[in-house]
Amino acid sequence: MTNKKDWKKMLVSLEDKINLYFGEKAPQLPEKVKLVLVKISPYLILISIIFSLPAILAALGLGTILAPIGLYAGVSSGFHFSVGLLITLAVIVLEIMALPGLFKNKRQAWELMFYSTLINAVYALITLSLGSLIIGTALSWYFWFQIRSFYK
């Protein structure tokens, strides 16, 4: 069984490998663009949280109302809905936790955002959303790893 230190080592190792390709080997953004991204990223995250919360609350309400009908659609539909909802909630919680630190350029906030991109990538892989997995994850990692050095 793995403990917390093993998980942290694995995540740091994964982060270093991703940084090699998206932060170091990838074409570098101009410094001014990086500064703009660092300044506006907390606001973009805040906007995404604000727009996501009503959808989550609606989904929770609709999920409760439509659960009996979901049996007719098949168990897998209900399972995908539930897993998607849980993943979205986890990502929103990570973003809310990261938000104050993003305004202060804290490394821990950057790490929370990295974890949220990992969760999204795993969900895209599980659901075989290859476009989201390849394009969404690559774009997220590219921008987050380009500005990684600004978070101390």
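Here's a quick rundown of the structure. (Residues numbered from 1 in each chain as written. Predicted model: local features only at pLDDT ≥ 70, side-chain atom pairs only at ≥ 80, totals over all residues. Heavy atoms only, no water.)

### Topic: the nonpolar core
Inclusion rule: Residues belong to a common nonpolar core when they are buried Ala, Val, Leu, Ile, Met, Phe, Trp, Tyr or Cys residues joined through side-chain atoms within 4.5 Å. Relative accessibility decides the category of a residue: with a 1.4 Å probe and only protein chains considered, values under 20% of the type maximum give buried, values over 50% give exposed, and everything between is partly exposed. Put simply, DSSP H or I for four residues or longer makes a helix, DSSP E for two residues or longer makes a strand, and each gets a number counted from the N terminus. Contact criterion: two residues are considered in contact whenever any of their non-hydrogen atoms come within 4.5 Å of each other.
With 25 residues, the main nonpolar core has Ile45, Leu102, Phe114, Trp144, Ile147 and Tyr151 as its most contacted residues. If you list the elements that add at least two residues to this core, you get α2 (31-73), α3 (75-103), α4 (107-126) and α5 (130-146). Excluding residues within four positions of it along the chain, Ile147 makes contact with Lys34, Leu37 and Val38.

### A short note on the side chain of Thr137
Its place among the elements puts Thr137 in helix α5. In this structure Thr137 touches Ala121 and Ser132, once residues within four positions along its chain are discounted.

### Digging into unusual backbone geometry
The phi torsion at Asn105 lies on the positive side, around 55 degrees, for a residue other than glycine. Here Asn105 shows up in the loop between α3 and α4. For Leu128, which is not glycine, the phi dihedral falls at a positive 60 degrees. As for its placement among the helices and strands, Leu128 is situated in the loop between α4 and α5. With a relative accessible area of 64%, Leu128 lands in the exposed category.

### Digging into the packing of aromatic side chains
Spelled out, the test is: We call Phe, Tyr and Trp rings a pair once their centres come within 6.5 Å, taking the six-membered ring for Trp, and we label the pair stacked below 30 degrees between planes, edge-to-face above 60, and tilted otherwise.
Evaluation of the coordinates by the stated rule reveals seven aromatic pairs. Aromatic pair Tyr43 and Phe103: ring centres 5.1 Å apart, planes at 80 degrees, arrangement edge-to-face. A residue pair is termed long-range when its members are at least 10 positions apart, and Tyr43 in helix α2 and Phe103 in helix α3 qualify at 60 residues. A relative accessible area of 48% means that Tyr43 is categorised as partly exposed. For Phe103, a relative accessible area of 41% translates into the label partly exposed.

### Thoughts on helix α1 (residues 4-25)
The condition is simple: Each residue after the first adds 1.5 Å to the expected span of a helix. We define the bend at each residue as the angle formed by axes fitted to the 7 residues ending at it and the 7 residues starting at it.
Taking 1.5 Å per residue as the helical rise, α1 with its 22 residues ought to reach 32 Å, and the 30 Å between its terminal C-alpha atoms agrees with that figure. Along its length, α1 shows its largest kink, about 40 degrees, at Asn19. For α1, the complete set of buried residues consists of Glu15, Ile18, Asn19 and Gly23.

### Points about α5
In a regular helix each residue adds 1.5 Å, so 17 residues correspond to 24 Å; α5 covers 23 Å between its end C-alpha atoms and thus fits that length. Three or more residues of α5 are buried, namely Thr137, Trp141, Tyr142, Trp144, Phe145 and Gln146.

### Thoughts on the pattern of salt bridges
Threshold: Salt bridge, as used here, is a side-chain nitrogen of Lys or Arg placed within 4 Å of a carboxyl oxygen of Asp or Glu.
This model, assessed by the stated rule, comprises five salt bridges. Residue Lys8 is joined to Glu111 by a salt bridge in which the shortest nitrogen-to-oxygen separation is 3.7 Å. One end of the pair, Lys8, is in helix α1; the other, Glu111, is in helix α4, with 103 residues separating them in the sequence. The exposure class of Glu111 is buried, given its relative accessible area of 17%. Residue Asp16 pairs with Arg148 through a salt bridge whose shortest N-O separation is 3.8 Å. Residue Asp16 is located in helix α1, and its partner Arg148 is located in the segment after α5; the two are separated by 132 residues in the primary sequence. Arg148 sits in the buried class, given a relative accessible area of 14%.

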